[in-house]
Amino acid sequence: MYVAEATAHGGRNGFVTSQDGQLKLKVAMPPALGGDGNGTNPEQLFAAGFSACFHNALVMVGRRAGLDLSGSAVAAKVGIGPNKQRGYGLAVALSVSLPVVDEDVAAKLVDAAHEVCPYSNATRGNIEVTILLG
């Protein structure tokens, strides 16, 4: 259906661009990892992508259920740290706000969105993803 293309130059201390020119960002190590933080980083980009994708899935399942999810939002936190294989791994925490939906319905919508979201499907079984309703 769609293929995105992006190229990194310089790894975590360089820049990234998309083929269509919509994305042109400086990349820098965050201070917590010893960098100057003078740019975005892969974890921020992943958090932005996951939150946008999950929110879209949430709105889609809400629409199918005949619900208006106006005012809803999804925030993502993406952490990086060492894993058991002496490499690095990610963990994701999604915070979902559904202010106009009762808690039981919200929980069902979140579960349904987690099944259809491409980021959820890509990460399932690979990294820890926690979803919080609030």
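The residue numbering used here restarts from 1 in each chain and proceeds along that chain's sequence as written. Totals for whole chains, interfaces and linings use every residue, but because this is a predicted model, local features are given only for residues with pLDDT of at least 70 and side-chain atom pairs only at 80 or more, for both listing and counting. Computation of side-chain values covers all heavy atoms of the structure but excludes hydrogens and water.

### Observations concerning the sheet that holds strand 1 (residues 6–9)
Pairing between sheet strands relies on hydrogen bonds along the backbone, with the strands arranged either parallel or antiparallel. Heads up, the condition is: Strands are labelled as partners when DSSP assigns at least two bridges between them. A run of DSSP states H or I qualifies as a helix once it reaches four residues; a run of E qualifies as a strand once it reaches two. Both are numbered from the N-terminal end. Axis lines are fitted through C-alpha atoms, for helices just across the contact stretch, and the angle between N-to-C directions can take any value from 0 to 180 degrees.
Taken in spatial order, the 3 strands of this open sheet run 1-2-3, and their pairing is antiparallel. A single partner strand is all that each edge strand has here, and the edge strands are strand 1 and strand 3 (24–27). Taking each pair of neighbouring strands and ignoring which way they run, the sheet shows an average axis angle of 20°. Two strands pair when backbone bridges link them, and strand 1 and strand 2 (residues 14–18) are joined in this way by 4 bridges, in the antiparallel orientation. Bridging across to strand 2, Ala8 finds its partner in Val16.

### Remarks on the side chain of Thr123
For clarity, the cut-off: As used in this structure description, the phrase polar contact means that two N or O atoms lie within 3.5 Å; if the pair is within protein, one of them must be able to donate a hydrogen and the other to accept it, and residues adjacent in sequence are counted only when both atoms belong to side chains. We call two residues contacting when some pair of their heavy atoms lies within 4.5 Å.
Tracing the backbone shows Thr123 in helix 3 (residues 118–123). Reaching out from Thr123, the side chain makes a polar contact with the backbone oxygen of Tyr119 at a distance of 2.9 Å. If we ignore the near neighbours within four places in the chain, the residues touching Thr123 are Phe46, Phe50 and Val129.

### Things to note about the packing of helix 1 (residues 42–64) against helix 2 (residues 103–116)
When two helices pack together, their arrangement is given by the angle between their axes and by how far apart the axes lie. Spelled out, the test is: Here is the rule for angles: anything less than 35 degrees is roughly parallel, anything more than 145 is roughly antiparallel, 65 through 115 is roughly perpendicular, and the remaining ranges are oblique. Crossing handedness is defined as follows: a turn of the near helix away from the far one that is anticlockwise and smaller than a right angle gives a left-handed crossing, while the clockwise case is right-handed.
Put simply, helix 1 and helix 2 touch, their axes get as near as 8 Å, and they point 120° apart. The angle between helix 1 and helix 2 falls in the class oblique. Crossing of helix 1 against helix 2: the hand is right-handed. In this structure, helix 1 uses Phe54, Ala57, Leu58, Met60, Val61 and Gly62 to contact helix 2, whose residues at the interface are Leu109, Val110, Ala112, Ala113, His114 and Val116.

### Some details on the sheet that holds strand 4 (residues 73–82)
Strand order in the open sheet formed by 3 strands is 4-5-6, with mixed pairing between adjacent strands. The open sheet is flanked by strand 4 and strand 6 (128–133), the only strands paired with a single partner. Going across the sheet, the axis of each strand differs from the next one's by a mean of 15°, ignoring polarity. Bridge count for strand 4 against strand 5 (residues 88–97) is 10 bridges, and the pairing is antiparallel.

### Topic: the nonpolar core
Stated formally: Joining through side-chain atoms within 4.5 Å is the link that ties buried Ala, Val, Leu, Ile, Met, Phe, Trp, Tyr and Cys residues into a set, and such a set is a nonpolar core. Only protein chains enter the accessibility calculation, which uses a 1.4 Å probe; a residue is then buried when its area is under 20% of its type maximum, exposed when over 50%, and partly exposed in between.
Ranked by internal contacts, the top residues of the largest apolar core, which has 20 residues, are Phe54, Leu58, Val96 and Leu98. Every element with two or more residues in this core is listed here: helix 1, strand 4, strand 5 and helix 2. When residues of this core are assigned to their parent elements, the largest contribution, 7 residues, is made by helix 1. With sequence-adjacent residues up to four places away left out, Phe54 is seen in contact with Val74, Leu94, Val96, Val110, Ala113, His114, Cys117, Ser120 and Ile131.

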